[in-house]
Amino acid sequence: MHGWRRARLTERTKQTATGRTLTFEVPHWPGHLPGQHVDVRLTADDGYQAVRSYSLAAPAGAGGDRIELGVQATFGGEVSPYLADDLPVGAEVEVMGPLGGWFVRTPQDRGPLLLIAGGSGVVPVMAMLRARAASASGDPCVLLYSVRAPDEVWYATELDAVAEGVRVRLLYTRTAPEGSRRPAGRITADDLLGMPPPTDTHCYVCGPTAFVEHAGELLLAAGYGPDRIRTERFG
Amino acid sequence: MTEHPLYVDGNALAGPLGEVFAVDPTTAWRLCPSCRLPATLAQLHVYGPEPGLTARCPGCAAIALRIVTQPEYLWLQLGGGAGAFRFTLPAVAPDVRRP
């Protein structure tokens, strides 16, 4: 059984125009696994409460009692725009977690890895990549990262650094940078050519529901077994 | 992308169910009695919005469980037609500093 813990906002980092990573200090945080999430609960002065799920972006360990969450502000949303821009540094919210044992990949899990992320769906995948980078795994690893345009890329500079031993391929859906060989458009079967083979590769797909559905169908069509595909849809 | 999408994964139930389960419920395995599709709770399709969540089989959409959360209670119904269990939740954490 979990309970709610107090979490104090200590840092806010702008990732994109509407994407933020928020660092919270959570006393006695028990640690977590790459891919897990927390529920965040906000309580208004009149007692009204709202709960939303956010993925943990960093592996546990180095940060001690600190956790890093990725928040994508959705237009007209009740919670995410407030968390993204208005919650003052130093203020407290409540978090429950770490949560979820399904969409999880630890450095102890072996074998080739195919990560497919859409937009802010890269957040839990980043926790996996960061944990992998710290473990010096030699297994093949590919990140297919679908974004609308170059300025929508989260962790732009860090992805280059993590990319040691990881193939990172950006798939632009609306605006590709000048000189791109791949025309802008959503992920297709061609984008899966040259990926680690279906025989022993584990696939993790995270993003908006429609993106995850589409990518999942492409993986199945390419021969990846349903028992090797794990998904997280965030809407 | 909205805050109330058509559905999300059973992963999203880890929080609400975590308040009444001692182990992570999202890796629990289930065989759909309607279409025989095996799935973990994390793979179910969850329709909201809160406070009422319905988890359905990803294959045939048969109802696997329903959850309704209230400030003091969590109601859990397994399957489509059974009665619901009402769990009393732990007391709300006191004195959270409001922003």
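Residues numbered from 1 in each chain as written. Chains lettered and ligands numbered in written order. Predicted model: local features only at pLDDT ≥ 70, side-chain atom pairs only at ≥ 80, totals over all residues.

> Can you walk me through the overall build of chain B in this structure?
A tally of regular secondary structure across chain B gives one helix and eight strands. The burial tally for chain B puts 30% of its 99 residues in the buried class. Relative to all contacts within chain B whose residues are 6 or more apart in sequence, the contacts with residues 24 or more apart total 32%. (Helix = DSSP H or I, 4+ residues; strand = E, 2+ residues; numbered from the N terminus. Buried ≥ 20, exposed ≤ 12 C-beta atoms within 10 Å, placed from the backbone. Contact = placed C-beta atoms within 7 Å.)

> How should I be thinking about helix α2 (residues 122-135) of chain A in this particular structure?
Because an α-helix completes one turn every 3.6 residues, residues spaced three or four positions apart along the sequence face the same direction. All names here are of chain A. Counted at 1.5 Å a residue, the expected span for α2 with its 14 residues is 20 Å, and the 20 Å between its end C-alpha atoms agrees. Burial analysis of α2 places 11 of its 14 residues in the buried class, the great majority of the element. Among all positions of α2, only Val122, Val123, Pro124, Val125, Met126, Ala127, Met128, Leu129, Arg130, Ala131 and Arg132 are buried. Among the residues trailing α2, alanine 136 stands out with phi positive, at a value near 55 degrees. (Expected span 1.5 Å × (residues − 1).)

> I would appreciate a short explanation of the nonpolar core in the present structure.
Looking at soluble globular proteins, one finds that nonpolar side chains tend to be buried together. Core analysis: the biggest nonpolar cluster contains 80 residues, and Leu69(A), Leu115(A), Val125(A) and Leu13(B) have the highest contact counts within it. Counting contributing residues per domain, this core is built from domain 1 (5-99) and domain 2 (113-233) of chain A, each supplying no fewer than three. With sequence-adjacent residues up to four places away left out, Leu115(A) is seen in contact with Val125(A), Met128(A), Val142(A), Leu143(A) and Tyr204(A). (Core = buried A, V, L, I, M, F, W, Y, C linked by C-beta atoms within 7 Å. Domains from an automatic or database assignment.)

> Just checking my understanding: could you explain the interface of chain B and chain A for this structure?
Put simply, an interface is often sized by how much accessible area is lost when its parts join up. Taken together, the contact pairs 30 residues of chain B with 34 residues of chain A. Elements with a minimum of two residues in the side of chain B that touches chain A: β1 (8-9) and α1 (14-18) of chain B. Residues belonging to the side of chain B that touches chain A are distributed by class as follows: 16 nonpolar, seven polar and seven charged. (Nonpolar A, V, L, I, M, F, W, Y, C, P; charged D, E, K, R; others polar.)

> Where do I start with the pairing of strand β11 (residues 229-233) of chain A in this structure?
In the case of a regular strand, side chains alternate between the two sheet surfaces. All names here are of chain A. Extensive coverage of β11 is indicated by the burial of five of its five residues. On β11, burial covers both faces: Ile229, Thr231 and Arg233 on one face and Arg230 and Glu232 on the other are all buried. Pairing of strand β10 (residues 202-207) with β11, which is carried by five bridges, proceeds in the parallel orientation. Within the sheet, the bridge partner assigned to tyrosine 204 lies in β11 and is arginine 230. For the handedness criterion, the β-α-β arrangement of β10, helix α4 (residues 209-221) and β11 is classed as right-handed. (Pairing = 2+ DSSP bridges. Right-handed = clockwise from strand over helix to strand, strands pointing away.)

> It is not clear to me how α4(A) should be interpreted in this structure. Could you clarify?
Residues and elements named next belong to chain A. For α4, with 13 residues, the first-to-last C-alpha span of 18 Å sits near the 18 Å given by 1.5 Å per residue. Phe211, Val212, Ala215 and Leu219 are the residues of α4 that are buried. Viewed end-on, α4 has its buried residues packed into an arc of 95 degrees, placing them on one side of the element. Projecting away from the buried face of α4 at angles above 90 degrees are the exposed residues Glu217 and Ala221. Where α4 terminates, the next one or two residues include glycine 223, which has phi positive at roughly 100 degrees. (Arc of directions from axis to C-beta.)

> It is not clear to me how the sheet that holds β10(A) should be interpreted in this structure. Could you clarify?
Strand pairing in a sheet takes place through backbone hydrogen bonds and is either antiparallel or parallel in direction. Residue and element names in this part refer to chain A. The strand order across the open sheet formed by five strands is β9-β8-β7-β10-β11, and the pairing between neighbours is parallel. Two strands close off the open sheet at either side, each with one partner strand: β9 (167-172) and β11. The average angle at which neighbouring strand axes cross in this sheet is 10 degrees, direction not considered. Judged from the six bridges that link them, strand β8 (residues 141-147) and β9 form a sheet pairing that is parallel. Bridge pairing in β9 links valine 142 to arginine 167. (Axes fitted to C-alpha atoms, helices over the stretch in contact; angles between N-to-C directions.)

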